[in-house]
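For reference, the chains in residue letters:
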Amino acid sequence: MVVKNGGQERRVRSRTSQDEDDGSESDEERMRDQREKEELERHIRERDAAGTRKMTDQKLTKKEEEEAIRRSNALENDGLDTLRKMSRQEYLKKREQKKLEELRDDIEDEQYLFEGVKLTEAEYRELRYKKEIYELVKKRTEEFDNANEYRMPDAYDDQEGGVNQEKRFAVAVQRYRDPAAEEKMNPFAEQEAWEEHQIGKATLKFGSKDKKQKHDNYEFVFEDQIEFIKAAVMDGVNVEQESSKQSPEASLAKTAFEKLQSDRKTLPIYSYREELLKAINEHQVLVIVGETGSGKTTQIPQYLHEAGYTERGKIGCTQPRRVAAMSVAARVSQEMGVKLGHEVGYSIRFEDCTSEKTILKYMTDGMLLREFLGEPDLASYSVVMVDEAHERTLSTDILFGLVKDIARFRPDLKLLISSATLDAEKFSDYFDSAPIFKIPGRRFPVEIHYTKAPEADYLDAAIVTALQIHVTQPPGDGDILVFLTGQEEIETAEETLKHRTRGLGTKIAELLICPIYANLPTELQAKIFEPTPEGARKVVLATNIAETSLTIDGIKYVIDPGFSKMKSYNPRTGMESLLVTPISKASANQRAGRSGRTGPGKCFRLYTAYNYYNDLDDNTVPEIQRTNLAHVVLALKSLGINDLLNFDFMDPPPSEALLKALELLYALSALNKHGELTKVGRRMAEFPLDPMLSKMIVASDKYQCSDEVISIAAMLSIGNSIFYRPKDKQVHADNARLNFHMGNVGDHIALLKVYSSWKETNFSTQWCYENYIQVRSMKRARDIRDQLEGLLERVEIELTSNANDLDVIKKAITSGFFPHSAKLQKNGSYRTVKHPQTVHIHPSSGLAQLLPRWVIYHELVLTTKEYMRQVTELKPEWLVEIAPHYYQLKDVEDLASKKMPRGEGRAVKD
DNA sequence: GAGCACTGC
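What counts, and at which threshold
Residues numbered from 1 in each chain as written. Chains lettered and ligands numbered in written order. Predicted model: local features only at pLDDT ≥ 70, side-chain atom pairs only at ≥ 80, totals over all residues. Heavy atoms only, no water. Near = heavy atom within 4 Å. Polar contact = N/O pair within 3.5 Å; in protein donor to acceptor, adjacent residues only side chain to side chain. Helix = DSSP H or I, 4+ residues; strand = E, 2+ residues; numbered from the N terminus. Axes fitted to C-alpha atoms, helices over the stretch in contact; angles between N-to-C directions. Parallel < 35°, antiparallel > 145°, perpendicular 65-115°, else oblique. Left-handed = near helix turned anticlockwise from the far one by under 90°. Contact = heavy atoms within 4.5 Å. Expected span 1.5 Å × (residues − 1). Buried < 20%, exposed > 50% of the residue type's maximum accessible area, 1.4 Å probe, protein only. Pairing = 2+ DSSP bridges.

Participant: Is there a simple way to explain the protein's contact with DNA strand B in this structure?
Facilitator: Every one of the 31 residues lining DNA strand B counts as a neighbour, but Arg-322, Ala-518, Lys-565, Arg-725 and Thr-863 are closest to it. Protein-adjacent atoms of DNA strand B, using a 4 Å cutoff, are sugar or phosphate at a proportion of 61%. Arg-349 places a polar main-chain atom, nitrogen or oxygen, 2.8 Å from a phosphate oxygen of DNA strand B. Contact distances for DNA strand B include 3.0 Å between a phosphate oxygen and a backbone N or O atom of Gln-487. Those elements that place two or more of their residues in the surface near DNA strand B are helix H16 (365–374), strand E15 (563–570) and strand E22 (866–873). For the surface near DNA strand B, the leading source of residues is H16, giving three residues.

Structure representation (structure tokens):
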């Protein structure tokens, strides 16, 4: 088992070691578990007793000591002592809650991941034990619910040492769960109670006698209506098979495993099995067009295994998303009757659930890309399947070039590219006219409606349309999904909808409004998966997240205004921006298809048929053409690909972007003047970060502050979702944020302070709530930091701390970010030193009022103005000291204070 | 004094 970092190790190992009864490792594991159990019991009995902390961790013990010292110091003052005692009790209470959440997650994980696998007696005992403890403690803690302070709701992902993915995933793939197991321990009990309540409300208000009344009041609902024209029908395919699959009597007598096997045979792909295997045998590269529901992702690797391909090497299957890789692997392991992590495994960042035995490996596309670094010919694979290739993520696009290349000198390697219909020809052309194999999916027909005339205000039009559907269509026949561009728009729409339905009271059926976007706390996201109460209707207001990332059952109507936010990158200025842009035809069809999953659907497009055919692009511009390529170029260089301008990209990125990336890497000394990778560059390539961040880490070795710098790098790389700023508590949130800026240390150091303070509280969730910080983001930062710490060793950098000397930390930052320097102008704006342009400090920065003369910034963003985000003050002489090849003295001489002699020319040299 | 689609390593 490959283990990525310490934090992950325990979790991963505990999952897979359970089936091996011999070996000291699992003995040790069991003993530790035993200790933890005892620990937990003690907590229940002696809630208020001190000193019951877990002693296995060195750091904790140290904290324990500090606490003792503080206590004895405080003895002089009785009042203080009492206070400390109280805070201690408070702490224990919180700790108990945390332990409880951990336990709950453990149980859910095990139930999900090892479902359908026969447990040993010991394992069964352990699971039962955990459940008992959980129920016991839960009952007890529920009595202590005090909530006077501000609190964000608890998330499913409150789990020590883990990212949220498993919990999100648990909700998203509920249909794979065993209903019997659900009964035993139901983590959704609260929601169900709430649903019952809603159902109660619904039946009270909306009996059948209301139906007529509703119709009578129809005209009260709308001031103006939108006219639609039904223009097309996306045909359903193989729909009748869906019903034949549903015959429960046939499978009644079978075991769960037999049922899985017979279910496999009802998939559309099953009848193509032999033909498919023959085609794969005859051709090295095959493009597979398999529509949603065809079963390609789960079945093809199994077919290949059954046909003996795994004797020559493992089968890898890439997915664009972590959740998909995990859930598909879990499903396939069930179908094959093996434990997840053995013959079938998955590999995603922070979590490698594979072993030597693994022959079917599901992974994220980025993960296969990293594997190329260690195994450039993919020698251990006999088949590579790039799934969901039509999504054209940055990683799949690079993978295309790489696998096409290695396929030439590895004729035994089979390549499968699976895509949606639209792009198949293009994929085939790219892979030297590889044959296309079509597998029908299962989809219900979808009626497409266009507006008669263009709508000026699409948000208002969307709301009106939603209400129109709600009132004219019988309740209970299906939910509505509206695609909007962002959080703010969703919030506005939610308010408007509430406002408009409130006045109508019981004249219309109840309308449940469910917002969903990636930054929404996880437990609020779960709301959209709850079944709609009878007599009511759900309207889901979603961003693009609902286009591919998650699937909501029961959607019958889709409202598509035709816009989404898209990131664009200007290689000339290095400026990023998010723009609301019209979607592509492919996107529009994907959206429409979301309504035909469980029955015939309808899609209302808030634009005309003319717009669709003439104004929308066929496909979304692939990510590789609108992003900063520095990281990509470094990765390719480290794979020995030197001629990037002639690299075989399916859609080449603008050469300007490639040149900009090369130029930057040269400035960072990652490439020499021949464009070859240097030793520094090789070390930088080990880090899964933007090269400027990697350089900053590599440089921290010299300044003896790698400990601080990796924290900063982790915090910077999670982006701007750290501080939580609810609309109604903006002042509090801002004050909390200002605390970290004490001493005007700059944004980088402030981020470091946030991380270290959180660490000092032992990664407390409560602390995050109190400081208006998003726990989810912090946990992510911790995972990334752990990973970076593990990688330090590989590039031979020692973990050294130098927290007191902020200047050396800033110098290390400058070593990576010196190309991003800017100088204050007279009018309070800034001017970037290289490639001069006018920019401003972002108002969220701690330095926004201070305006230091010289700054370095993390990134440029274009919103209402050109802003620098994450800014730190800088001594200009550092630039010359650290990057003499990039800056000369005259670049940094202060024109504001002294006049340049005539004839010296401009201070800025390019 | 602003405003952040979505992934992934």
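Having put the structure on the table, let's press on.
Participant: Mind showing me how you'd approach the packing of helix H28 (residues 706–717) against helix H32 (residues 775–794) here?
Facilitator: In helix packing, the relevant descriptors are the interaxial angle and the interaxial distance, both defined with respect to the helix axes. Packing of H28 against H32 brings their axes to within 8 Å, and their N-to-C directions diverge by 135 degrees. With respect to H32, the element H28 is oriented oblique. Considering the relative orientation of H28 and H32, their crossing is right-handed. Contacts between H28 and H32 involve Ser-706, Asp-707, Ile-710, Ser-711, Ala-713, Ala-714, Met-715 and Ser-717 from the first element and Met-778, Ala-781, Ile-784, Arg-785, Leu-788, Glu-789 and Leu-792 from the second.

Participant: I'm lost on H28 in this one. Help?
Facilitator: An α-helical turn contains 3.6 residues, so a residue and the one three or four places further along point in the same direction. An ideal rise of 1.5 Å per residue puts 16 Å on 12 residues; H28 measures up with 16 Å between its terminal C-alpha atoms. Counting buried positions over the 12 residues of H28 gives 10, a clear majority of the element. Among the residues of H28, those classed as buried are Ser-706, Glu-708, Val-709, Ile-710, Ser-711, Ile-712, Ala-713, Ala-714, Met-715 and Leu-716. Contact partners of the buried residues in H28: helix H27 (691–703), helix H30 (747–760), H32, helix H33 (806–817), strand E21 (854–862) and E22.

Participant: How should the side chain of Ser-418 be read in this particular structure?
Facilitator: Within the secondary structure, Ser-418 sits in strand E8 (residues 414–419). Excluding residues within four positions of it along the chain, Ser-418 makes contact with Ile-288, Lys-296, Met-385, Val-386, Asp-387, Glu-388, Ala-389 and His-390.

Participant: Explain the sheet that holds E8 here, please?
Facilitator: Hydrogen bonds between backbone groups are what pair the strands of a sheet, and the pairing can be parallel or antiparallel. One open sheet accounts for eight strands, arranged E5-E4-E6-E3-E7-E8-E2-E9; its pairing is mixed. Looking at strand neighbours, the two that pair on one side only are strand E5 (351–353) and strand E9 (436–439), the edges of this open sheet. Averaged over all neighbouring strand pairs, the angle between strand axes comes to 20 degrees, with direction disregarded. Looking at chain direction, strand E2 (residues 285–290) and E8 are connected through five bridges and run parallel. Paired with Leu-286 across the bridge in E8 is Leu-416. Here helix H14 (residues 296–306) sits on the sheet and contacts E2, strand E3 (314–319), strand E6 (360–364), strand E7 (381–386) and E8; the angle it forms with E6, its principal contact strand, is near 145 degrees. Its contacts with the sheet put helix H17 (residues 394–409) on E3, E7 and E8, and the angle it makes with E8 is roughly 150 degrees.

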